[in-house]
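Inside the fold
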Amino acid sequence: MTSPRTVQVADAVTVDVHDHGDGEPLLLIQTALLTEALVPLSHESEIARNFRVIDCRRREYGPSGTVSEPGSVRRDALDCLAVLDALSARPAHILGTSYSAAVALELAAIDPSAVRTLTLIEPPPRHGPPTEEFLAANRRLHDAYTAEGVTQALEQFNRALGIPSWLEERSTANEQHIAQVERDATTFFASDVPALLGWVFEPARTAAITCPVLYIGGAESHPWFAHVHRWVTEIFPHCEDHLVDGAGHTVASTHSHVVAELVANFAAKHH
């Protein structure tokens, strides 16, 4: 991976950006908690040889990240626009997955002129039938973080997703790894979760978004995301959509080759 460059996005606020390759700009927006989730996608040949890839970390993540206030999806979108301006990279193809798909959607509504195409990979189930269940789950996580601290909250998060115990991994991990994971988890619980709890995207705002839209999902994702898929295709009736067989919510990481082909082919149609 290329060494990151630091880009100022607001007064005394910077983010790390990996900027490499030639072609039309493709902005990859870091999702919640998993800072490296889009790295496999950024190095797929269909992406690396066709785009100038701008892999953008969000504020408060990384070694120097400190959470000063609850996060905001709109704030993250404005940070991404500042990155595009600083790198003279607009209009760009915009891609977000999970939390960062909400950021991508918000970015496109705030400044449509900055967006060439918009790729949404399973945005949060913040609208439609799963909303209350999703919000309740996020409130429980935030309450656990507030009452018990980041280590126990991360353990609850892992149990809820059915992934290996953080407490067990923590018992054998080195101090540097523990510090990195819990630092990023602190940003997730203290910043991203409140941001999701406060985010609403009114369908009327889609009128401003005139760029082509691509939806990608995992065929094996949680049932929540079937509703998300339906919501996106309803608010963007002309969007192109694909469900990747055998994939779940982390489709961008686990099936990066398939996602890379879908994104490259979609961009080529709208060159």
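Scroll up a little and you will see the structure.
Residues numbered from 1 in each chain as written. Predicted model: local features only at pLDDT ≥ 70, side-chain atom pairs only at ≥ 80, totals over all residues. Heavy atoms only, no water.

Here helix α6 (residues 150-161) is 12 residues long and its end C-alpha atoms lie 16 Å apart, about the 16 Å a rise of 1.5 Å per residue gives. Elements that come into contact with the buried residues of α6 comprise α5 (131-148), α7 (166-172) and α8 (175-198). Trailing α6 by a residue or two, G162 shows a phi angle of about 70°, which is positive. (Helix = DSSP H or I, 4+ residues; strand = E, 2+ residues; numbered from the N terminus. Expected span 1.5 Å × (residues − 1). Contact = heavy atoms within 4.5 Å.)

Bringing the sheet that holds strand β3 (residues 24-29) into the picture now. Spatially, the 8 strands line up as an open sheet ordered β1-β2-β4-β3-β5-β6-β7-β8, and their pairing is mixed. A strand with exactly one partner marks an edge of an open sheet, and here the two such strands are β1 (5-10) and β8 (240-244). Across the sheet, the mean angle from the axis of one strand to that of its neighbour is 25°, orientation sign disregarded. Pairing analysis gives 4 bridges linking strand β2 (residues 13-20) to strand β4 (residues 51-56), with the strands arranged antiparallel. Across the sheet, V17 pairs through a bridge with C56, a residue of β4. Contacts between helix α9 (residues 224-235) and the sheet are confined to β6 (115-121), β7 (213-218) and β8, with β7 contributing the most and set at about 170° to the helix. In the packing of helix α11 (residues 256-269) onto the sheet, contacts are made with β4, β5 (92-97), β6, β7 and β8, and the angle to β7 comes to roughly 170°. (Pairing = 2+ DSSP bridges. Axes fitted to C-alpha atoms, helices over the stretch in contact; angles between N-to-C directions.)

Further remarks concern the pairing of β5. Where burial is concerned, most of β5 is hidden: 6 out of the 6 residues are buried. For β3 and β5, the ladder comprises 4 bridges, and the chain directions are parallel. When the sheet's bridge partners are listed, L27 is paired in β5 with I94. In this sheet, β6 lies alongside β5 in parallel orientation, the contact comprising 6 bridges. Its bridge partner being in β6, H93 is matched across the sheet by T117. Read as a crossover between parallel neighbours, the route from β5 over helix α4 (residues 99-110) to β6 is right-handed. (Buried < 20%, exposed > 50% of the residue type's maximum accessible area, 1.4 Å probe, protein only. Right-handed = clockwise from strand over helix to strand, strands pointing away.)

The subject of this paragraph is the packing of α5 against α6. At their nearest, the axes of α5 and α6 sit 7 Å apart, and the two run at 150° to each other. Judged on the interaxial angle alone, α6 and α5 are roughly antiparallel. The interaxial crossing formed by α5 with α6 has right-handed handedness. Residues L141, A144, Y145 and E148 of α5 pack against V150, Q152, A153, Q156 and F157 of α6. The residue makeup of the contact of α5 with α6, split by class, is 6 nonpolar, 2 polar and 1 charged. (Parallel < 35°, antiparallel > 145°, perpendicular 65-115°, else oblique. Left-handed = near helix turned anticlockwise from the far one by under 90°. Nonpolar A, V, L, I, M, F, W, Y, C, P; charged D, E, K, R; others polar.)

The subject of this paragraph is unusual backbone geometry. In this chain, R90 is followed by P91 through a cis amide linkage whose omega measures -5°. Turning to its location among the elements, P91 is positioned in the loop between α3 (73-86) and β5. Phi at A12 is positive, roughly 60°, even though this residue is not glycine. With respect to the secondary-structure elements, A12 resides in the loop between β1 and β2.

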